[in-house]
Each structure stands twice: as structure tokens, then as C-alpha cells.
Amino acid sequence: MNPSKVLWIYIVLLVIGGLIGFLKGKSKVSLIMSVAFAAALILCARGIIFQPYVADILLTVLLVVFAMRLAKTKKFMPAGLMLVLTLATLALRHRPF
């Protein structure tokens, strides 16, 4: 699995998470932020943003956000799950296949 495919899978899961946050918790912020970060990551995955570290910076920002939310709520779902997925995405993007 190449780094781009890993990023695409994460993008889909990120948007699904935002949709679930909107539908279950009525959180417009979850939906807006997930779509905004997904759009920026799509630009990276499509090669429109050519610097490979930009996707890593965005993923690191999301990692911090999800860690802060997990620390605040002390509930694994959804922030803990997204934290694990983000960490896995960062790791898999740099693992040679």
C-alpha cells in the first residue's frame, strides 16, 4: 500500500467521522473542520501541493487536536479512535512497502 492510498483511506474516514459528529451530536464544527482538513489533504494526495511534508503537518495538527479532545472528554470515542487512526496514517505513510 503506497502513502497516497493510505492518505485517501484516512480522508474518507475523516469525512465519515465529521458526518457522524454532525448527525449524532449536531456538531457543525465537526463537519466543517473534517471537510476543511479533508480538502487540504486531498490537495496533497492529488499532488497539487507538491511538498510531501504538508500532509504530515496537517496530520500532526489533527493528532494534537484529537489528543486534546481525548484529554478533555476522557472518552475514547470519537477522539481516541481518530487519534489512533491519525497516528497509524502518519506511521504508514513513512513505512516502506
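Computed from a predicted structure; not experimentally measured.

### So, a nonpolar patch on the surface
- On the surface, a nonpolar cluster with roughly 500 Å² of combined accessible area is contributed by Met1, Ile9, Val12, Leu13, Ile16 and Ile20.
- Tracing the sequence through the fold places Leu13 in helix α1 (residues 3–25).
- Among the residues examined, Leu13 registers a relative accessible area of 33% and is labelled partly exposed.

### Brief notes about the pattern of salt bridges
- Under the criterion given, the structure shown has one salt bridge.
- Asp56 is the partner of Arg93 in a salt bridge, and the nearest nitrogen-oxygen pair spans 3.2 Å. Pair noted here: Arg93 is in helix α4 (residues 76–93) and Asp56 is in helix α3 (residues 53–73), with a separation of 37 residues, a long-range link.
- A residue is classified by how much of its surface remains accessible, and Asp56, at 15% relative accessible area, is buried.

### Looking at the side chain of Thr86
- You can see Thr86 is positioned in helix α4.
- For Thr86, a relative accessible area of 0% gives the class buried.
- A polar atom in the side chain of Thr86 sits 2.6 Å from the backbone oxygen of Met82.
- Discounting residues that sit within four places of it in the chain, Thr86 has contacts with Tyr10, Leu59, Leu62, Leu63 and Phe66.

### Here we look at the nonpolar core
- The biggest cluster of nonpolar side chains holds 19 residues, and the ones touching the most others in it are Leu7, Tyr10, Leu14, Leu41, Leu62 and Phe66.
- Within the residue set of this core, elements represented by two or more residues are α1, α2 (28–45), α3 and α4.
- Aside from chain neighbours lying at most four places away, what touches Leu14 is Ser34, Phe37, Ala38, Leu41, Leu62, Phe66 and Met82.

### Section: the side chain of Arg93
- By relative accessible area, which is 13% here, Arg93 ends up buried.
- Polar contacts involving the side chain of Arg93 include one to the side chain of Asp56, which spans 3.2 Å.
- Aside from chain neighbours lying at most four places away, what touches Arg93 is Pro3, Val6, Leu7, Pro52, Ala55, Asp56 and Leu59.

### With respect to the environment of Ala91
- Mapping Ala91 onto the fold places it in helix α4.
- When the C-alpha positions of Ala91 and Asp56 are compared, they lie 10.0 Å apart, and in sequence the two are 35 residues distant.

What counts, and at which threshold
- Residues numbered from 1 in each chain as written.
- Predicted model: local features only at pLDDT ≥ 70, side-chain atom pairs only at ≥ 80, totals over all residues.
- Heavy atoms only, no water.
- Patch = residues over 30% accessible without salt bridge, like charges linked within 9 Å, V, L, I, M, F, W, Y side chains within 5 Å.
- Areas by Shrake-Rupley, 256 points an atom, 1.4 Å probe, with all protein chains shown as cover.
- Salt bridge = Lys/Arg side-chain N within 4 Å of Asp/Glu carboxyl O.
- Helix = DSSP H or I, 4+ residues; strand = E, 2+ residues; numbered from the N terminus.
- Buried < 20%, exposed > 50% of the residue type's maximum accessible area, 1.4 Å probe, protein only.
- Polar contact = N/O pair within 3.5 Å; in protein donor to acceptor, adjacent residues only side chain to side chain.
- Contact = heavy atoms within 4.5 Å.
- Core = buried A, V, L, I, M, F, W, Y, C linked by side-chain atoms within 4.5 Å.

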